[in-house]
Amino acid sequence: MIGIESLRRLTGGSLGWWLLMPLLLLVAALVGFYLAFPSGTLQSRLQLELAKNLGLESSLSPPQLLFPPGLASDRFDLTLPEPYQRNLPLRDVRISPLWLSLLGDAPGVRFRAALQGGTVNGTARRDGQTTLYADQVKILESLYPNGGPTVQGVLQNSHFDGLLPLEQPGERLLELTLNDVRMSGLEAYGVEGGSLNLGRLELQATGQGKNLRLTKLSLQGGAVEGSGQGTVLLGSTPAATRLNLTLELRPGTGLNPNLRELLNLVGSEGPQGTRRLRLSGSLQQPALR
């Protein structure tokens, strides 16, 4: 058996150099790869793949290689296809491989980004399986494609788990908390000032494909409070989404007296002073009874 002293004599006393040589070569190769990383080529390829496979228009700053291996982009703007036509201004994007998934049939990535004052992170796999977490993300959404009432609020600790796009069959789980909910643009409905403070909305839903069953629906701390249950069929746009819900509503703090009287005229009397209502039809043309 050859000992350390024998190796030193055979290598002329430079054993340390020879032991370090593979490590130095590896470091040199990594440095060369990082310096020669084709960020411009990858930028164009990403835009092409997003447009071809997902129908997403994109604009991003040249991606940079991270260590451990991953990609970073300071600016990544995604535009959803029609009929949504929504822009997602992602910032400080970080993407890295799910290493163990690379050995299977559904390789995936882990991602993190800043969005509208908050953060989104999660995982996405080639087969469409996606997990998504959103926290402190500000939203402003119009109920109708061409304007009309809007809903705004702040997503907090919200979670989606399931296959994307929604056209694919499979289980979905959605847990959503929306704070500081306000509905605006209600002048045509006789609402004084045109807006209602609705407090905090909590929603939990499970389902297959576009069909969701609400296991929890709660509205607290606003002008109208209540709870509900039922089913939702997601449409190609928010306005086309169809509802079949049973609601129990009651006046909350600051509800306009005229709206309070109107609430007492719809639906039927429920427990503890609530009004029980059925909400059906599309968001664009809802039917309340």
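Computed from a predicted model, the values in this text were never measured in an experiment.

Enquirer: Would you mind showing me how to read unusual backbone geometry here?
Expert: Note on backbone geometry: most residues besides glycine have negative phi, and most peptide bonds are trans. Positive phi, normally seen in glycine, also occurs at glutamine 116, with a value near 50 degrees. Mapped onto the secondary structure, glutamine 116 falls in the loop between strand S5 (108–115) and strand S6 (118–125). The class for glutamine 116 is partly exposed, based on a relative accessible area of 41%. Positive phi values are uncommon outside glycine, yet glutamine 136 reaches one of about 60 degrees. With respect to the element layout, glutamine 136 can be found in the loop between strand S7 (129–135) and strand S8 (137–144).

Enquirer: Looking at this structure, how should I read the pairing of strand S3 (residues 70–79)?
Expert: In regular strands, side chains alternate between the two faces of the sheet. Pairing geometry for strand S1 (residues 57–60) and S3, over four bridges, is antiparallel. The residue of S3 that forms the bridge with serine 58 is leucine 78. Relative to S3, strand S2 (residues 64–66) runs antiparallel, the two being bridged by three bridges. Bridge pairing in S3 places glutamine 64 opposite alanine 72. Linking two consecutive strands that pair antiparallel, namely S2 and S3, is a turn of three residues. In terms of strand pairing, S3 meets strand S4 (residues 87–97) through eight bridges, oriented antiparallel. Bridge assignment links phenylalanine 76 to a residue of S4, and that residue is leucine 90.

Analysis parameters
Residues numbered from 1 in each chain as written. Predicted model: local features only at pLDDT ≥ 70, side-chain atom pairs only at ≥ 80, totals over all residues. Heavy atoms only, no water. Helix = DSSP H or I, 4+ residues; strand = E, 2+ residues; numbered from the N terminus. Buried < 20%, exposed > 50% of the residue type's maximum accessible area, 1.4 Å probe, protein only. Pairing = 2+ DSSP bridges.

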